[in-house]
Amino acid sequence: TSSMLEDLALHVHSSRRKLASQRHTKSVSKLPRRRRIRPMREMRTEYSVASKDKPWLVEALVKDEELARKARKCVLDSLESIYNGEDVPSLGKAILSVRTLALLLHFVGIGSGSSFGSGSAFVQSSVDAIDILNGKFSGKTSDELRVLSICACLLACSKFPPIAEAKQMFLNSPTSAACSACLVGLLEPTGSETSNAFASRIVDCFASQDSTELYRLVVGSLTNAGGSDSVLTEADVDAFFNTCRWASAKVDSATTVDLRKQSMECVKVLNDGTRRGNISYPDLEKKVAQILDDAERCRFVVQGSGAAALMTNAVIATLSDEGSKLPLVLPLRLDGLAKKLSWKRSDLFETKTEASRCQFILQLLYSLLFLDQAPSSPFSIDPRSLPLAEAIMFCRESKSVGDESTFALHDLVAKLLPEALSLANPNEPDIVRMTGPSADPVAIAMVTDAINACKESGIDREAYGRRAELMFLKARADYPSADVDTSVSCALLSMKHLPSRAYTYTLLCKDPLLLLKCHLCVWKCNGLRRIVLSVLRRLLDANDYITLDEAPTDDIGYQLLAARNALVTRCLILAGSSNFQFDSEGTTKNEVPTRCPMTISLIRSMISSHRGVVAMLIKQGLSDRAVDWLVEIAPECLADAELLTGCLSERNNLTAAERMVTADASLRIAIAHGARDEAATQLLASSALNVLVSSFFLSLGPVGVPVNIIHEDDGHDVTQTCRRATFRMLSAMQSIHGERPALRNEARRALSKMANMCKSEGALGGVAGSVAMRRKTLLKEIWDAVVRASNSLGGLQS
């Protein structure tokens, strides 16, 4: 066989030298004249993709009929030599020769004439040789030889005019009889499940007369691609359609039934049978249930192709009118299987549990598809309680799970639980995430014990907190994140004299604000606080998708998320600005707030993710210390400049004191971060300074009244609030530095107006006594503040 194929290649090269040099740089011209052919495996791969790698070879055979005839004769001689010339036929040579024959039939055809290498004589000789060759290997298991033989026989039939071009009746001839005998013999059930499955799919194509599917199966099997990249012409459709009609009369129903019974475990057979209606929904549910119950079958299914389509068909069958409406995998069953397996990073790829993990993957795929199709069913699973991130990691890195199953599972998780994908990402941007399993694994119970010990320790709490945090990191590197976060949250929320809290991960995801109820000692300890913020961030991410999914409309969902973020951000800002000291002693006025990196990161993340949070917090009111700290740590505040400008410029329900406090915060944001957007900054600063000027008399209070009589409904002193905000704004203008002429000019205009009002107010007469002295003192303080601010800006504007 090797010598004859080499002669064929050399003959083609000598007759098409110019064509080969133009289209294929690695032509046969580089080979020695009588060099031994390459090993069998490489040669089989070479000729299996001849149409792609050597287009000149196919073109030469198509153009030169005599060369094609010699090639066909050469292949027939090689087939005859295999079953006649050797006592022990070579299976590799037989597979190569049959594949070469099939490729010649597909790309070149059978030719015309009555010579040995063309026409009906070639077809009869080919099918006879295939039949004899398969008889020689009947005692050996060769799925590839049987599949290629079926393909070659069908291609020969599709190229034979009495079969391929028949209109109504098929003419009987010795060649047709030989084709029928060969095809029927090849389609007889054997002991091989793989080849029986292929034969069953072929027979189903005959029964349904699906010429397109038959063409895809046959040609795809030759190129090892599972499908055909060739353009399906009208002539091909007619030829394969007539072949289906002819073959359906030759294959009896008993053979079809036997093939289906013996290949019902094949995924492709089940999918094709369901699509064509050959398999009823109850039968499909029964077969899929048997597969899901067997770990080894599950491993075989997820490793191949068609697993996602099979599970989808099974879910459709379950929810159909004929189905039971009960999923084949109940939630408790899937949860029990997940708990039997160890999901530590170091144990994910143990060989002894590989089949069980594949079974879990297939059952999880079915359950997620059922949840997607019937989300309101009481039998749907709670996916957040399962180790989804670890399952995705196993699919990505294990060779036991095929790409199709991995992609299907990934798409379902991305649709139903997108937050789980970040946990399965090895490059997760979480500072508490470890890249691999720790050398010294830590059990989850050890983490909760360390947290409780830290909470109960009266002295050296920081050392205990760092120890608990380190153990938390190690546990997250080994165990599913949901399990660790749930146990840690319960430990953090527990009280010394109260029963232990029992929360599920789903409940925590639906209400992440529960973590804000942690005891004060948790927030004061740096290590425990970092654990809380780490868990809180993941719960907030999960809550985003839950809220949007359960909200009636997207607008309502985003409003709920904005309110939630505003609440969390407000709590963290007040806590961070006070150094997490919530007791009565508190912090001193001049004490610098602690810069906790995780607190600042979470605050900035929520501000940037929802526009309007800063404006909402400022309108609701923050302490002066909290406003200063917020402006210092969060440059993202400038994103709300337009909203703050609208609050200060338009008529709204803000009181005079609220407008003044909002103006103070807005001016500080414009000064601190306005260089990033000067246009928005100028509008914001102008609005804030206009409020400052217009509130001048509110800061002074009524003339002649010894006490502040302007109060809001809640009892707050409006005059004192405006007065404090006025001095803060005048002090803030002293910090305008750099080349910012627009902001400096705007500030100088406002200061000039304030100075003029101070002069005019001081020149007016009024009542005498202590009230007048107090008023003059206040005017003097405002004047001094205006002068200090104007001097820092280079003087008042004339």
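Residues numbered from 1 in each chain as written. Predicted model: local features only at pLDDT ≥ 70, side-chain atom pairs only at ≥ 80, totals over all residues. Heavy atoms only, no water.

A. Seen up close, the overall build of the protein chain. Counting its regular elements, the protein chain contains 41 helices and zero strands. Each of the 798 residues in the protein chain was classed as buried or not, and the buried ones make up 52%. Counted over contacts in the protein chain with a minimum sequence separation of 6, partners at least 24 positions apart contribute 74%. Total accessible area computed for the protein chain in this model is approximately 36800 Å², and 53% of it derives from carbon and sulfur atoms. (Helix = DSSP H or I, 4+ residues; strand = E, 2+ residues; numbered from the N terminus. Buried < 20%, exposed > 50% of the residue type's maximum accessible area, 1.4 Å probe, protein only. Contact = heavy atoms within 4.5 Å. Areas by Shrake-Rupley, 256 points an atom, 1.4 Å probe, with all protein chains shown as cover.)

B. Representation of the confidence of the model for the protein chain. Model confidence for the protein chain is summarised by a mean pLDDT of 79, while 81% of its residues fall at 70 or above. Across the protein chain, helix α21 (residues 354-373) holds the top mean pLDDT of 93, while helix α2 (residues 17-23) sits lowest at 40. Below a pLDDT of 50 lies the segment residues 1-53, which in the model reaches 72 contacts outside its immediate sequence neighbourhood of four places, other chains included. Taken as a whole, residues 225-229 scores under 50 in pLDDT and shows 10 contacts with residues more than four places along the chain or in a different chain. (pLDDT = per-residue confidence, 0-100.)

C. Up close: the nonpolar core. L492, L528, L630, M733 and I782 are the most contacted members of the largest nonpolar core, which has 110 residues in total. By residue number, the principal contributor to this core is helix α30 (residues 526-550), which donates 10 residues. (Core = buried A, V, L, I, M, F, W, Y, C linked by side-chain atoms within 4.5 Å.)

D. Spotlight on the packing of aromatic side chains. Counting across every chain of the model gives three aromatic pairs. Measuring from centroid to centroid gives 5.3 Å for Y215 and F240, while their planes differ by 90 degrees, and the two rings are edge-to-face. In this pair, Y215 sits in helix α13 (residues 211-222) while F240 sits in helix α14 (residues 234-250), placing the two residues 25 residues apart along the sequence. Using a relative accessible area of 3% as the deciding quantity, one classes F240 as buried. With a centroid separation of 5.2 Å and 80 degrees between ring planes, the pair formed by F696 and F697 is classed as edge-to-face. For F697, a relative accessible area of 46% gives the class partly exposed. Residue placement shows R72 over the ring face of F122; its charged tip is 5.7 Å from the ring centre. The side chain of R357 reaches across the aromatic face of W343, ending 5.0 Å from its centre. (Phe/Tyr/Trp six-rings, centres within 6.5 Å; stacked < 30°, edge-to-face > 60°. Lys NZ or Arg CZ within 6 Å of the ring centre and 35° of its normal.)

E. View of helix α7 (residues 91-107). Given a rise of 1.5 Å per residue, 17 residues ought to cover 24 Å, and the 24 Å separating the end C-alpha atoms of α7 matches this to within 8%. Within α7, 13 of the 17 residues are buried, which leaves it mostly tucked inside the rest of the structure. Among the residues trailing α7, G109 stands out with phi positive, at a value near 95 degrees. (Expected span 1.5 Å × (residues − 1).)

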